[in-house]
Structures are given as structure tokens and as C-alpha cells.
Amino acid sequence: MTGEEKEYFDAGHRACGGCGPALAARLITKAAGENTIVVASTGCMEVFSTPYPETAWKTPWVHSLFQNAAAVASGVEASIKKQGRSEKVVVIAGDGATFDIGILCISGLFERGHDVTYICYDNEAYMNTGIQRSGATPYDADTTTSPAGKLSTGNKRPKKDIPAILAAHGSPYVATASVAYPADLMKKVKKAINTEGPCYIQVHTPCCTGWGFDGAKTMDIGKMAINSGLWVNFEMEDGVVTKAKKVKREPVDAYLKSQKRFRHLYRPAENTEEIAKIQAIADNNAEKYGIDIKMPDKN
Amino acid sequence: MLQIMEGSHAVAEAVRLSRPEVVSAYPITPQTHIVERLAEMVADGDLDAEYICVESEFSALSSCLGAACAGSRVYSATTSQGLAFMAEVVFNVAGMRQPVVMTIANRALGAPLNIWNDHQDSLFLRDSGWMQMYAEDAQESMDLHFLAYKAAENYDVLLPAMVCFDGFILTHTYEPVDIPTQEEVDSFLPAFKPYQRLDAKDPISFGMYATPDYYQEFRYEIHAAMIKAKKVLREVGQEFSETFGRDYSELVEGYRLDDADVAIVAIGSICGTIKDAVDEMREAGRKVGLLKIRSFRPFPYEEVRTALSGVSKVAVLEKNISIGSRMLGAVGLEVKDAVGKQGADVYSYVGGLGGRDIRKRDIQKLADWAEQGRNDCFFGLREELL
């Protein structure tokens, strides 16, 4: 049996069927292996995986608060360094903990240069409190605190660019990944934990409950996000984008139509103006990361 | 070895001698001299610790929590706004039963912004599950750190401890301090043996979430551990007394209290001034004594009750205010409860807030007020407010 066949995130946790974050936890811990200490933030994953006296974690795991996983990890890293131990420290935190409330601690960790891999599972809203917007919520998504209404088309701001912010801190390795591409995610986790210094991976983890889709379709939704250009899988090394997944892009419509959080863009009538703005976000991503597969000239 | 040194440096020496493996702190007045001195010690190789220069007090205590969970003896220091900023983690450290030791250089809380001494900052966290000890002078500020680590790491306790000493009054004042040798401290405080730790060879989960089916039991256990801490603190205090010759066998200290009619009760450095005031009042023929409370959490109810059993009036000097409380101060509330209904009359007098000077004549006035049965009130207020 190779190390990769071992599971460190056990079955029997209480996530929804088709939960993207649960899949991410399984893939991350599988890739990181047994010599890993996981530091978690408050969020969906903590709640569904550690109701006392049960735990789904087969690696050492520690949680303190919503916003301090990066600071707790700094202490864990300093302690094991002092003790001469060899475990790898991996933070697994949601987008609310990462993009919003925890950014002070994360900035501190990256600026100080601890040897920690920080992984954000990005389900694009505060999910365990009931689907409120976060700094990771995409433009126009309908959440309970960015509801679509007579005067609103949903969330008013685009996603905060955390990968760029952390790359600007001098991180040697920043990447994005998706649970829809497990091998790629695992490869990036291994690369991050084997890179000295503070590394960051942002994993796209579709949330069937929060986004409104059938839990059987998690992988499909993840792939549609990539194919639309609204999510880009890329790697940055020392602040430079070195790799981005190329796609034969499709219009954003299919992705938007697949989820209830964008339903208001099509009912009662198609809001072509807003859909065009979202398409522009995807086009901008495509240009910025150079993801378009150029078709050969037919002439 | 007796040396004249600043209170903050005495604390830094105590920390060095306690051999923490991880020190994490953010500078804030009047705590700064402690962490600066520790940074120097690490830079010179006199303290073999990882020193984390965090970006905030919030991360200072969070990283101490992480390091403690990973199995290290840890240290931090803060005050006032920094402690308030840490508050969420303060509760978590206790809830996760990590024996973190942190010095509080007591300082007033804003607004208005004020950097001087009172006890509002640490008392605001009295219900957090941390032990809280208050020092009278530089020597006690130093010694209490050894006691704090030893009690906190006791498996019957496993609670964090704040060693509180008054900002500027103690932090920035030079006093003679008897510094023990490393060998002496090592024999009193052996290397840290964590009860449980994060370890890939034996994976366990820390800091899980608990439903209503379990949460209450965790809180009960913290409370029970704090009650046990009284006994443990007395035991380690006794052991300390035998090793170092300075008496910490009780959690309170009476001064000329045996035949007193009136007792002044206080915590912290003001006890030094009160001792002088008591001496003067005794010379004038008044039967006044002092009860100094060293441990506020756990609170030594039995010892306070016994110590005050012979007095008829008690003036509690409060450098804090529990806003809207009838007793006015947190210390008075506890003392009144300890004394009980059949005991002495207990009055709570609030003063010295934000560094307002308290003089011997103020202490005499408080003794007078208690004797006259004057109700709980402020002292030293600007007259135009009265």
C-alpha cells in the first residue's frame, strides 16, 4: 500500500452529501500524509468533523477560533521547530476565516515566514451560519446577506484577490486548485508542504447547500467553474504565475444556470446586462492568466 | 544574588530562569521592557527559545496556545488594550486547558486612552478560567512566575495563569531583587511535561466543538480545576518557601491584622503604601491592619474569612470599577461574599483609576470611612463631580 491509499479524514463525519469541503479535507490529508499536524479554524468543516467526543481526523488536529488558525499554526511550527520535530504544519480554513476575519493573523504568518502551508477551502460564503456573503463570494451571488431583490442583483463586489495578497507577502508558493481535479489538488498540496516557508493554496469547494445544486453534481459544478473562466487553477512561484490550467472556454451561462444562487439573473427575465458583467470577469481572468486554448486558424 | 533592577527586568529574569521554549509577544506600554529584555536574551543566547514577533496581541496569545498544544512551555506578556484584544483567546486557552503563563503589567482600559495603572484590565477577565495572582513588589513579581508555571502545569490544574503587576509603579521602578540560580529554579520547576500534545505518532484532536450534551461538563471541569488550584498553589507556595526562604504558603498575607478592628483589603503594589499607612495609624494608637490578597483566581474565601474574623469593619481599596454594581468593585464583591453576613461590614472604595496617585493620607481616610460606616464610593474624585 502506498501512502496515498491511506485515509486521514475518516468516513462518518456529518457533512452534507456531495460536500466539496469534505472532499477537499480528504484529498489534502491524503496528499499531506501521516507526518502532518492540521490546524483548523471555526467553520463548516470543524463543525461537521469534530462534534465531541467524535472526530474524523486521523492526523493531530487543533482548532481554537474562527480567526486565529494562522497564529495558532505559527506557534505550533515554532514549538516543533524548537523540539527538533519534523511534522508538517497545515492550516485548513474556510473562506470567511481566510478572506475576512483571519487576514490579520494570516498576514502575520506570511510576513514572519513560518514554514506552514495554509489551505483555504473556498465555498464562497459563510456556510455553517446559514449562507451569508464573505469576501470570497462572487459578484451577483445571492446569499442571505447579499440577497437579490427589487433593487439588488445580489453580491455587489467581486472576490477579494487573496492569492495576490499573499504572493505580495513574499510567499514562495501560491496556488489555486479545485476538488474537481483531485490529482492536481494533491500534487499542489505536496508541492506546498515540501516548499520551505509560508505557502498558500485556495481550493474551490462547491457547496451544494449554499449554492443550490444537487450534491451528486459537485465535481461537475467544479469543472464548469473552471471551463467558464470564473475559477482559474494556477500556480505562482515567488510571486510570478508559472502555470495556469488552459481551457476551451464556454460562456458563463451554463455555470450560472446550474446554481440557485444565480437564479435571479434568469428569472423572471434574463438580466443580460448583469450576465455580461460576469462574463467580463471571466474574460478578464482568461486574459490575466492566459488560459484560453487557441484554436488553430481554419483559414 | 541580590541585585538592584527594574521590575520588568526582574520579570524577564524570572521568565529566562523558567526556560520557556516559545515566547510570543507584541509590545505595549507599560509591558515593553519585559519583552525587549527577553528579545535581548534570545539574541545573546542567554535564553534558548523561539521568539515570535507577532503582529498583534491577538496573535501573541494564539501562537502561545498553538505552541502549548504542540508541547512547549510558553510565555507572553501584555496589558490593557492588548489583553482586551486577546480576550477571545484568553477564554480559549483556559477552555483548552493549556498551562500558558502570561504577565499582565496592569493598566487602565480606554476610553479615554490612558497608559497608567489600575486593575481593570485583568479583572475584566476574572471569569475566563485563568489563575490571577497580584504582586506587591519586584521580588514578588519575579517569584510568582515560578509558582504560576508550577501550579499551571500541575495535572490536577492544567489552567493558564496571569501574573499581574502594576504598570509603571512596578514595571519601571528599580528595587533590590534576590535572583535565584538556574539550578535552584530547575530543581523547583522541572522541564515541561505536557499532559497531551499534538503529535503525528499519537494523533488526537484538540479544541473540538461541543453540543449542549457536553459543553456544560467542560465548564464544570474548568471550575473544579480552579477550586483544586487553591490547594496546589498553597503546596507549591510551601515548597517555594522551603527552597527560597520567601513565604508564599498562603494565598493571602495579613499585616498587623491579628488584633485589628479595621482592615484594609487590597491587591497589588498599593499594599506597600498601605503597610506604611498602617504603621503610622498603629503609632497613633489605631488598631488597623492590612489583608493583602495575592491570588484573586482562585479566590481564597476561607483564608479571607479567617483573616478577617476578628475585625468589625473592612475597607476594600479597589483599583477597578464594576460599572453599575452596588459594591462598585470586583474585589469588594468577593471579600463581602467571603466574610459572610455575620462578619464584618465590608465597604468598597474605588480610587487610583488610570494612575491617580494614592497616598498614605488616602489610606487613612479609607480606614476612617470604614470605621464610620461610609457607603461604597469613589475616593480622590475631582470635587466638581461630587
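For the structure, see preceding data.
Residues numbered from 1 in each chain as written. Chains lettered and ligands numbered in written order. Predicted model: local features only at pLDDT ≥ 70, side-chain atom pairs only at ≥ 80, totals over all residues. Heavy atoms only, no water.

Considering the overall build of chain A
Of the regular secondary structure elements, chain A holds eleven helices and ten strands. Against the globule reference of 19 Å for 299 residues, chain A gives a C-alpha radius of gyration of 19 Å, in line with a compact fold. Dimensions along the principal axes, computed over C-alpha positions, put chain A at roughly 60 × 50 × 40 Å. Counting only residues that meet the buried cut, chain A has 56% of its 299 residues in that class. In the form shown here, chain A has an accessible surface area of approximately 12,100 Å², with 53% of it arising from carbon and sulfur atoms. Where the 36 positive side-chain charges of chain A centre and where its 34 negative ones centre are 2 Å apart. (Helix = DSSP H or I, 4+ residues; strand = E, 2+ residues; numbered from the N terminus. Rg over C-alpha atoms; globule rule 2.2 N^0.38 Å. Buried < 20%, exposed > 50% of the residue type's maximum accessible area, 1.4 Å probe, protein only. Areas by Shrake-Rupley, 256 points an atom, 1.4 Å probe, with all protein chains shown as cover. Lys, Arg positive; Asp, Glu negative; His and termini not counted. Charge placed at Lys NZ, Arg CZ, Asp CG, Glu CD.)

Here we look at the nonpolar core
Formed by 116 residues in total, the largest nonpolar core has its most connected members in L61, L308, V314 and V335 of chain B. Membership of the second largest hydrophobic core comes to 53 residues, among which are M5, V101, L147 and V163 of chain B. (Core = buried A, V, L, I, M, F, W, Y, C linked by side-chain atoms within 4.5 Å.)

Quick word on the interface of chain B and chain A
With 40 residues of chain B at the contact, the number on the chain A side is 41 residues. Buried area between chain B and chain A, both sides added, is near 3,100 Å², and the carbon and sulfur share of it is 62%. Looking only at chain B, the three residues that lose the most surface to chain A are L198, M208 and Y209 of chain B, adding up to 20% of its buried area. Where chain B packs against chain A, one counts three salt bridges. Between K81 of chain A and E50 of chain B there is a salt bridge; the shortest N-O distance is 3.7 Å. Applying the counting rule to chain B against chain A returns 19 residue pairs in polar contact (both at pLDDT 80 or more). For the side of chain B that touches chain A, the secondary structure elements donating two or more residues are β3 (50-53), α3 (57-69), α4 (80-95) and β9 (205-206) of chain B. Ranked by residues supplied to the side of chain B that touches chain A, first place goes to α3 of chain B with eight residues. For the side of chain B that touches chain A, the residue count by class is 23 nonpolar, ten polar and seven charged. (Contact = heavy atoms within 4.5 Å. Buried area = accessible area lost by both parts, 1.4 Å probe. Salt bridge = Lys/Arg side-chain N within 4 Å of Asp/Glu carboxyl O. Polar contact = N/O pair within 3.5 Å; in protein donor to acceptor, adjacent residues only side chain to side chain. Nonpolar A, V, L, I, M, F, W, Y, C, P; charged D, E, K, R; others polar.)

Observations concerning the pairing of strand β6 (residues 131-134) of chain B
Residue and element names in this part refer to chain B. Neither face of β6 is exposed, since M131 and M133 on one face and Q132 and Y134 on the opposite face are all buried. The pairing of β6 with strand β7 (residues 161-166) spans four bridges and is classified as parallel. For M131, the partnering residue across the bridge sits in β7 and is A161. For the segment spanning β6, helix α6 (residues 138-152) and β7, crossover handedness is right-handed. (Pairing = 2+ DSSP bridges. Right-handed = clockwise from strand over helix to strand, strands pointing away.)

Quick look at the pattern of salt bridges
All names here are of chain A. Tallied over the entire structure, the rule returns 48 salt bridges over all chains. Its salt-bridge partner being K30, residue E7 comes within 3.1 Å of it at the nearest N-O pair. Highlighted residues: E7 in the segment before α1 (20-32) and K30 in helix α1, separated in sequence by 23 residues. With a shortest N-O distance of 3.9 Å, D10 and K58 are connected by a salt bridge. Linking D10 in the segment before α1 with K58 in the loop between α2 (44-49) and β2 (61-63), this pair joins segments that are 48 residues apart in sequence.

Details of the sheet that holds strand β1 (residues 36-40) of chain A
In any sheet, the strands associate via hydrogen bonds between backbone groups, in a parallel or an antiparallel arrangement. The sheet built from nine strands is open, its strands ordered β10(A)-β9(A)-β7(A)-β8(A)-β4(A)-β3(A)-β1(A)-β2(A)-β9(B) with mixed pairing. The open sheet has two edge strands with one neighbour each: β10 (240-244) of chain A together with β9 of chain B.

Describing the side chain of Q120 of chain B
All names here are of chain B. Within the secondary structure, Q120 is located in helix α5 (residues 120-123). For Q120, the side chain forms a polar contact with the main-chain nitrogen of I321, separated by 2.9 Å. Dropping the residues within four chain positions of it, Q120 is found in contact with L109, K319, N320 and I321.

Here we look at the sheet that holds strand β12 (residues 288-293) of chain B
Residue and element names in this part refer to chain B. Strand order across the open sheet formed by six strands is β10-β12-β11-β14-β15-β16, with mixed pairing between neighbours. Every interior strand has two partners, whereas the edge strands, β10 (252-255) and β16 (377-378), have only one. Sheet topology places strand β14 (residues 313-318) next to strand β15 (residues 345-350); six bridges connect them, and they run parallel. Bridged to V316 within β15 is S348. Sitting on the sheet, helix α12 (residues 360-372) is in contact with β11 (262-266), β12, β14, β15 and β16, with an inclination near 140° to β14. (Axes fitted to C-alpha atoms, helices over the stretch in contact; angles between N-to-C directions.)

Considerations on the packing of helix α9 (residues 270-283) of chain B against α12 of chain B
Residue and element names in this part refer to chain B. Running from N to C, α9 and α12 cross one another at 70°; their axes reach a closest spacing of 9 Å. It follows from the interaxial angle that α9 and α12 lie roughly perpendicular. Here α9 runs over α12; the crossing is right-handed. On α12, the residues touching I270, T273, I274, D276, A277, E280 and M281 of α9 are K360, I363, Q364 and A367. The residue inventory of the contact of α9 with α12, partitioned by class, reads six nonpolar, two polar and three charged. (Parallel < 35°, antiparallel > 145°, perpendicular 65-115°, else oblique. Left-handed = near helix turned anticlockwise from the far one by under 90°.)

Observations concerning the environment of F110 of chain A
All names here are of chain A. Within the secondary structure, F110 sits in helix α5 (residues 103-112). Sequence-wise, F110 and I221 are 111 residues apart; in three dimensions their C-alpha atoms are separated by 32 Å. In contact with F110, other than residues within four places in its own chain, are Y118, L166, H169, S171, P198, C199 and Y200.

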